[in-house]
Amino acid sequence: MFHLGLDIGGTKMEAVLLDDAGTVVLRERRPTCKAHYQGFLDNLMEMITGIRTATQYDFTVGIGLPGAIDPQSGLIKNCNCLVLNGENLKRDLTVLLNQPVFLANDADCFTLSEAVDGAGKGYGTVFGVIVGTGCGGGVVVKGQLLSGPNAIAGEWGHNPLPGWHTEQDGSVERCYCQHENCIESFISGTGFSRRFNARHGTQYTPEMIIAAANEGDPRAVTHYHHFIDAFARSLAGVINTIDPHVIVLGGGLSNVESLYRDLPPVVEKYIFSPTCRTQIAKAQFGDASGVRGAAWLPVRVTGD
Ligand SMILES: [Zn+2]
């Protein structure tokens, strides 16, 4: 059997066809149609039927997208591919393809991918974290993606930063979700650089701040250490709640190699245990994890 995964982004759609062993049989990319939903649907159908014609294979279909799917109505919400909001892509595509279609949030797909055959392979409970533009997350337990009535399992980025106070964390951060001091405002790549630049009047990217810290710039060193501390406090909350065997990091900031050295001792300081056996690992498939996880959805998700 073959498994088609589609990763829908705000600007591009990526497709990957995997065999049962996870080997990539075919990969394809094309721009996302952002004009209207019907155009998006036509374009997506053209991509899927094109792959079927080219390979002559039967395959399952899974889709990852940067938004949430309401478990009751099936409608998409909070998606940065705006034409999808309020639409029932799962139903529409199921009718057009005449076969089941599985949809999930992209951070969930990332976590599933890493749990199935990436850095989380062989671990019982995997918590996946994306520290990039935002701060997403997902939970896979014994190979199954966790989902719930609110479709927000793993959305730790919108918990308040544990132990926040002005002296150590700066002024109040307001999040687009309407809450204050969300973890995402502090440890996403966007929040990491925005807070540094606001404080120092610079226009540094996250990579530039890390490079400056490595060169000994005291402003960047202080900012990096605060980031590690805030990240560790946030992860400690996750570990105290679900006690994962491994936490897999993806997204732009996951490429900062020093994280894997600097985070564990600080996490250990904050958790409700004298030692921390939870591993913190870098994603094996990097940016490709989202589309691989989408491909695994039909195999690894057992409905509600
Ligand atoms: Zn928020």
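Bear in mind the structure is a predicted one, so any value in this text is a computation, not a measurement. (Residues numbered from 1 in each chain as written. Predicted model: local features only at pLDDT ≥ 70, side-chain atom pairs only at ≥ 80, totals over all residues.)

**Student:** Explain the sheet that holds strand 12 (residues 279–282) here, please?
**Tutor:** Taken in spatial order, the 5 strands of this open sheet run 10-9-8-11-12, and their pairing is mixed. Bordering the open sheet on either side are strand 10 (144–145) and strand 12, each of which pairs with just one other strand. Direction of pairing for strand 8 (residues 125–131) relative to strand 11 (residues 246–250): parallel, over a ladder of 5 bridges. Directly across from V129, in strand 11, lies its bridge partner L249. (Pairing = 2+ DSSP bridges. Helix = DSSP H or I, 4+ residues; strand = E, 2+ residues; numbered from the N terminus.)

**Student:** Please explain unusual backbone geometry as it appears in this structure.
**Tutor:** Most of the time, phi is negative for any residue but glycine, and the peptide bond is trans. Despite not being glycine, A151 has its phi angle at roughly 55°, a positive value. Position of A151 relative to the elements: it lies in the loop between strand 10 and helix 4 (166–169). Residue classification places A151 among the partly exposed residues on the basis of 18 C-beta atoms within 10 Å. (Buried ≥ 20, exposed ≤ 12 C-beta atoms within 10 Å, placed from the backbone.)

**Student:** Got a minute to help me understand the environment of T241 in this structure?
**Tutor:** As for its position among the elements, T241 is in helix 8 (residues 218–242). Sequence separation between T241 and F272 is 31 residues, and the spatial gap between their C-alpha atoms is 10.0 Å.

**Student:** Looking at this structure, I do not really get the pairing of strand 2 (residues 12–19). What am I missing?
**Tutor:** A regular strand carries its side chains on alternate faces of the sheet. In terms of burial, strand 2 is a largely internal element, 6 of the 8 residues being buried. Note that strand 1 (residues 2–8) and strand 2 share 7 bridges and pair antiparallel. Following the sheet pairing, D7 is matched in strand 2 by E14. Taking the residues between adjacent antiparallel strands as the criterion, strand 1 and strand 2 are bridged by 3 residues.

**Student:** Quick question: what am I supposed to make of the pairing of strand 9 (residues 135–141) here?
**Tutor:** With 6 of 7 residues buried, strand 9 lies mostly within the body of the structure. Here strand 8 hands over to strand 9 after 3 residues, the two strands then running antiparallel side by side. Examined bridge by bridge, strand 9 and strand 10 share 2 bridges and lie antiparallel to one another. Along strand 10, the bridge assignment pairs V141 with Q144.

**Student:** Would you take a moment to explain the domain arrangement of the protein chain for this structure?
**Tutor:** Think of interface size as the accessible area that goes away when the parts come together; that is how it is often given. For the protein chain, the assigned domains read domain 1 (2–109 + 288–300) and domain 2 (121–283). The centre of domain 1, based on its C-alpha atoms, is set 28 Å off from the matching centre of domain 2. On the side of domain 2, 13 residues touch domain 1, which itself brings 9 residues to the contact. Residue classes in the side of domain 1 that touches domain 2 are distributed as 5 nonpolar, 1 polar and 3 charged. (Domains from an automatic or database assignment. Contact = placed C-beta atoms within 7 Å. Nonpolar A, V, L, I, M, F, W, Y, C, P; charged D, E, K, R; others polar.)

**Student:** Before we go on, may I ask you to explain the environment of I210 in this structure?
**Tutor:** In this structure, I210 sits in helix 7 (residues 206–214). By C-beta crowding, I210 is classed as buried, having 23 other C-beta atoms within 10 Å. Through-space distance from the C-alpha of I210 to that of Y224 is 7.3 Å; in sequence the pair is 14 residues apart. Contacts of I210, omitting those with residues within four sequence positions, involve Y224 and V256.

**Student:** Is there a simple way to think about the packing of helix 7 against helix 8 in this case?
**Tutor:** Helix-helix packing: each pair is described by the crossing angle between the helix axes and the interaxial distance. Running from N to C, helix 7 and helix 8 cross one another at 110°; their axes reach a closest spacing of 7 Å. Taken together, the axis directions place helix 7 and helix 8 in an arrangement best described as roughly perpendicular. The element helix 7 and its partner helix 8 pack so that their crossing is left-handed. Across the interface between the two elements, I209, I210, A212 and A213 of helix 7 pack against A220, V221, H223 and Y224 of helix 8. (Axes fitted to C-alpha atoms, helices over the stretch in contact; angles between N-to-C directions. Parallel < 35°, antiparallel > 145°, perpendicular 65-115°, else oblique. Left-handed = near helix turned anticlockwise from the far one by under 90°.)

**Student:** Please clarify how the sheet that holds strand 3 (residues 24–31) should be interpreted in this entry.
**Tutor:** One key point about sheets: their strands pair by backbone hydrogen bonds, in either a parallel or an antiparallel sense. The strand order 3-2-1-4-7 describes an open sheet built from 5 strands, whose pairing is mixed. At either end of the open sheet lies a strand with only one pairing partner, and these are strand 3 and strand 7 (101–105). If you compare each strand with its neighbour and ignore which way they point, the axes differ by 20° on average. Pairing geometry for strand 4 (residues 59–65) and strand 7, over 5 bridges, is parallel. Opposite L65, over in strand 7, you have N105 as the bridge partner. Sheet contacts for helix 1 (residues 37–55): strand 1, strand 2, strand 3 and strand 4; angle to strand 2, the most-contacted strand, approximately 30°. Its contacts with the sheet place helix 2 (residues 89–97) against strand 4 and strand 7, and it is angled at close to 155° to strand 7.

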